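Working through the structure, step by step
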Amino acid sequence: MAFTGRLAPGAVREWCGTMPVHRRLLDTDPGYARAREEIETFTFDAAREEPPPLGLVTIPTIVHVVWSRPEQNVTDEQVASQIETLNRDFRKTNEDVAILPPVWAPVAADADIEFALVDVTRTRTEVAAFDTDDGVKSARTGGVDPVSTDTHLNLWVCQLGGGLLGYAQFPGGPAETDGVVVTYTAFGSTGTAAAPFDLGRTSTHEVGHWLNLRHIWGDDGDGCGGSDFVDDTPNQGGPNYGRPTYPKVSCNNAPHGDMFVNYMDYTDDAAMVMFTRGQAARMAAALRGPRSGLLAAAATS
Amino acid sequence: MTAPPAALFRRWVHVREEDAAGVRVFRPADRPLPPARGRDGLEFRAGGIFAYLRPGPTDAPVAVVGRWSTPARDRIALTYPPDARAGDAPTGYEIVELTPDLLRLRPV
């Protein structure tokens, strides 16, 4: 896990520029750590109580296109292709779910969540590539501020640096940075979207985080001790990349092995095709709890 | 102790698709890089501090900060804080190649 102690104070401060968002918030904002604990307690209780289904929840979505080169100013058509992918993936209407090894078909879930595009903002910037310091999320740093984060998903599209495809913010973080960021070559399924990240699955993965999903391998490196707090995903060593072939075994999870077809692994867009029922329940708990503003907004719209 | 070349002191991103024969290939983080789901990286700083960067729980890189030393020419030894080293993180490298655009390291 991340470590920032036992160094000269100056060294720690100096390193904050490269600190990850989640870790930076945990280290610098005691309220965030407390909020995350409360959200996990709520989610655990919600899973145990098995509350009645929420029914279809539609999330109003705002896409912020932030560009310095013309090709980064992705078209409305490309934005629409991304919204369509999100809707297919979160409703299990994606045709490529057919590639699932049969053993996992019974746990593949319709999360009963849809996304309605309500606005596209376009901002020209002097920033050649954004880092994970949330610069794209503020007009002061060359990006654009989010809108109504308690009732909307904010999705920024820009050039990310370091070869990064995207990053998210869990529920419980600061409103002023709430949302997900996706690099413009992994956004949607047309235009600038480039293989093997050209099917819009980066956004599916990041919105999964935004609705409180963890990586399927449990974020413990390649170890077998981490958990994604979901019961119907197999224990898995580290992330999978590319397009693995079934079965790919780790952590004594034979015969079926890693669920590398899950949106919360690190496989190519063409290889990830499902959320599980447990993941859908965890997202529903996020909607009942820390993201209940979305439910309230849906009820009044 | 020998001082490593100054070119080492920057942030490097692991371009794992270029790895070959047990040697890891790194490129400067501030240059255009092919996107990938989950790249790890290294950042070396003068004064003996390094960071091992790996994708965190929301995909932004997480830094584990430790100390480097150079026990021999073309060797880097890495010391992690207690309990901070991921199981697969190397504790030392042989510098196979170092240019302003490329760093090739063999875990030792």
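A quick note: this is a predicted structure, and the numbers were derived from the prediction, not measured.

**As for the side chain of B:Arg39**
- Structurally, B:Arg39 is set in the loop between strand S2 (24-28) and strand S3 (41-45).
- Polar contacts involving the side chain of B:Arg39 include one to the main-chain carbonyl oxygen of B:His14, which spans 3.3 Å.
- With near-sequence residues (within four places) excluded, B:Arg39 lies in contact with A:Gly162, B:Val13, B:His14, B:Val15, B:Arg16, B:Glu17, B:Pro34 and B:Pro55.

**Let's talk about the interface of chain A and chain B**
- Taken together, the 42 residues of chain A in the interface contact 35 residues of chain B.
- Buried area between chain A and chain B, both sides added, is near 3000 Å², and the carbon and sulfur share of it is 60%.
- If you look at where chain A meets chain B, you find two salt bridges.
- Between A:Asp131 and B:Arg11 there is a salt bridge, with the nearest N and O atoms lying 3.8 Å from each other.
- Scanning the region where chain A abuts chain B turns up 10 residue pairs in polar contact (both at pLDDT 80 or more).
- Mapped onto the side of chain A that touches chain B, the elements with two or more residues apiece are helix H1 (9-15), helix H2 (21-28), strand S4 (166-168) and helix H5 (201-210) of chain A.
- The leading source of residues in the side of chain A that touches chain B is H5(A), at five residues.
- Looking at the side of chain A that touches chain B, its residues break down into 18 nonpolar, 13 polar and 11 charged.

**Some words on the packing of helix H4 (residues 76-91) of chain A against H5(A)**
All names here are of chain A.
- Running from N to C, H4 and H5 cross one another at 60°; their axes reach a closest spacing of 9 Å. Classified by the angle their axes make, H4 and H5 are oblique. Considering how the two elements wind past one another, H4 and H5 form a crossing that is right-handed. Packed against H4, whose contacting residues are Gln-82, Thr-85, Leu-86, Asp-89 and Phe-90, the element H5 presents Arg-201, Ser-203, Thr-204, Val-207 and Gly-208 at the interface.
- Of the residues in the contact of H4 with H5, the class split is three nonpolar, five polar and two charged.

**Quick look at the confidence of the model for chain A**
- Predicted confidence across chain A gives a mean pLDDT of 91, with 91% of residues reaching 70 or more.
- Counted against residues more than four places away or in other chains, residues 1-19 of chain A, with its pLDDT under 50, gives 39 contacts.

**Section: unusual backbone geometry**
Residue and element names in this part refer to chain A.
- A cis geometry characterises the amide bond from Ala-195 onward to Pro-196, with omega recorded as 5°.
- For Pro-196, the location among the structural elements is in the loop between strand S5 (180-183) and H5.
- Cis geometry marks the peptide bond from Ala-254 to Pro-255; its omega dihedral reads 5°.
- For Pro-255, the location among the structural elements is in the loop between H5 and helix H6 (277-288).
- Its identity is not glycine, yet Lys-92 carries a phi of approximately 55°, on the positive side.
- With respect to the helices and strands, the residue Lys-92 is situated in the loop between H4 and strand S2 (113-124).
- What makes Lys-92 partly exposed here is its relative accessible area of 34%.
- We note that Cys-251 has phi near 50°; this positive angle belongs to a residue other than glycine.
- Inspection of the secondary structure assignment puts Cys-251 in the loop between H5 and H6.

Basis of the calculations
Residues numbered from 1 in each chain as written. Chains lettered and ligands numbered in written order. Predicted model: local features only at pLDDT ≥ 70, side-chain atom pairs only at ≥ 80, totals over all residues. Heavy atoms only, no water. Helix = DSSP H or I, 4+ residues; strand = E, 2+ residues; numbered from the N terminus. Polar contact = N/O pair within 3.5 Å; in protein donor to acceptor, adjacent residues only side chain to side chain. Contact = heavy atoms within 4.5 Å. Buried area = accessible area lost by both parts, 1.4 Å probe. Salt bridge = Lys/Arg side-chain N within 4 Å of Asp/Glu carboxyl O. Nonpolar A, V, L, I, M, F, W, Y, C, P; charged D, E, K, R; others polar. Axes fitted to C-alpha atoms, helices over the stretch in contact; angles between N-to-C directions. Parallel < 35°, antiparallel > 145°, perpendicular 65-115°, else oblique. Left-handed = near helix turned anticlockwise from the far one by under 90°. pLDDT = per-residue confidence, 0-100. Buried < 20%, exposed > 50% of the residue type's maximum accessible area, 1.4 Å probe, protein only.

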